[in-house]
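As a plain string of letters, each chain reads:
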Amino acid sequence: MDLEAPLLPAETPATPMIDPFGRAVTYLRVSVTDRCDFRCVYCMSEHMNFLPKPELLTLEELDRVCSAFVAKGVRKLRLTGGEPLVRRDVMTLIRSLGRHLETGALDELTLTTNGSQLARHADDLHAAGIRRINVSLDTLDPGLFAEITRWGRLPQVLDGIAAAKRAGLQVKINTVALKGVNEAELPSLIEWAHGEGHDITLIETMPMGDIDGDRTEQYLPLSQVRRALATRWTLDEMDFRTGGPARYLRVKETGGKLGLITPLTHNFCESCNRVRLTCTGTLYMCLGQEDAADLRGAVRASETDEILNAAIDEAIGRKPKGHDFIIDRTHNRPAVPRHMSLTGG
């Protein structure tokens, strides 16, 4: 398959897929690799065993599956990992998927990254049609950054964020709130992000995969964080949505937007419009459930898309109502055994 295929004429928007609970599935998150150049303490164990290459979808296969979803009404594609920008030749895939923006079949192609590779890729990402990215950043303290990421360097990430801004990419900062780790720093992180012109979203840690630690020691309810921030700033509710699970507040004093993603204290399942594809071609209809569909087998079974389309339709037909994430000392184990890096952040 030629990933540098010519642009197609404008397309008529496809009818979105509808799940059993009447929700339109219009958003696909795609993990292009399970590998990462960091080992964040809430995401991975330090000594990870990554997948062998034959188990991964090729870039051509990823393009084919993503394009099948676009043809079925997906309007937003987010590439994730692991760290998506460490996948060899990933820009070839990104440039190819950009053709769906040109035809109008896709509203947005975007990316979640740890920022480590942004300095060298930012201009190419913008040229490929990406206009908005999420960058994971949990602290502005270099020593603490090294502790949280194990292998990361803060200056490299800050340089990447600055390069993205210069390239014309809108940056949103994603921060996992960790009790007793970056808890006291959250107000200064918000002030820094808003001062740089970036929105910021706080995220509760999710019980996924063995991380060599006790998640009850990390878990910080965002309801508690919000109460603390409300003693400092005026937080106004907003109707703003980006298509994802975050609920947004306007911080009156900084003028910036603050998102909250709360899979434990207040889940977002009633409005879920998302499914997730792993780098092995496994489709998870819910982040917090183990039920899945094998799309790799469907892709490799035929050069045409009939089998793939049927597999997608069958999977959407059993998308569950929601997840049941729990973190407490009674449930001191992952809610699901797979790591977030495999499913896609």
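This one's a predicted model, so the numbers in the text were calculated from it and none came from an experiment. (Residues numbered from 1 in each chain as written. Predicted model: local features only at pLDDT ≥ 70, side-chain atom pairs only at ≥ 80, totals over all residues. Heavy atoms only, no water.)

(A) Layout of the pairing of strand β11 (residues 257–261). Counting buried residues in β11 gives five out of five residues, a clear majority hidden from the surface. Judged by which residues are buried, β11 turns out to be covered on both faces: Lys257, Gly259 and Ile261 on one side and Leu258 and Leu260 on the other are all buried. Pairing of strand β8 (residues 199–204) with β11 involves four bridges; the strand directions are parallel. Paired with threonine 201 across the two strands is glycine 259, which belongs to β11. Two successive antiparallel strands, strand β10 (residues 247–251) and β11, enclose a turn made up of five residues, where glycine 255 displays a positive phi of approximately 80°. (Buried < 20%, exposed > 50% of the residue type's maximum accessible area, 1.4 Å probe, protein only. Helix = DSSP H or I, 4+ residues; strand = E, 2+ residues; numbered from the N terminus. Pairing = 2+ DSSP bridges.)

(B) Inspection of the sheet that holds strand β3 (residues 27–31) at higher detail. Spatial strand order, β9-β10-β11-β8-β7-β6-β5-β4-β3-β12-β13-β14: 12 strands in an open sheet with mixed pairing. The open sheet has two edge strands with one neighbour each: β9 (235–237) and β14 (292–294). Going across the sheet, the axis of each strand differs from the next one's by a mean of 25°, ignoring polarity. Where strand β5 (residues 108–113) and strand β6 (residues 132–136) come together, three bridges link them in parallel fashion. (Axes fitted to C-alpha atoms, helices over the stretch in contact; angles between N-to-C directions.)

(C) Focus on helix α7 (residues 186–195). When we look at burial in α7, the residues that qualify are Leu186, Pro187, Leu189, Ile190, Ala193 and His194. Projected onto a plane normal to the axis of α7, the buried residues spread over an arc of 160° and lie on a single side. Structurally, α7 contributes buried residues whose contacts are with β7 (170–177), β8, α8 (222–230), β10 and β11. (Arc of directions from axis to C-beta. Contact = heavy atoms within 4.5 Å.)

(D) View of the pairing of strand β4 (residues 76–80). Extensive coverage of β4 is indicated by the burial of five of its five residues. Strand direction decides the pairing type here: β3 and β4, joined by five bridges, are parallel. Residue pairing for β4: valine 30 is matched across the bridge by leucine 79. Regarding topology, helix α1 (residues 59–71) serves as the crossover connection from β3 to the parallel β4, and that connection is right-handed. One ladder, built from four bridges, connects β4 with β5; its direction is parallel. Counterpart to arginine 78 in the pairing with β5 is threonine 110. (Right-handed = clockwise from strand over helix to strand, strands pointing away.)

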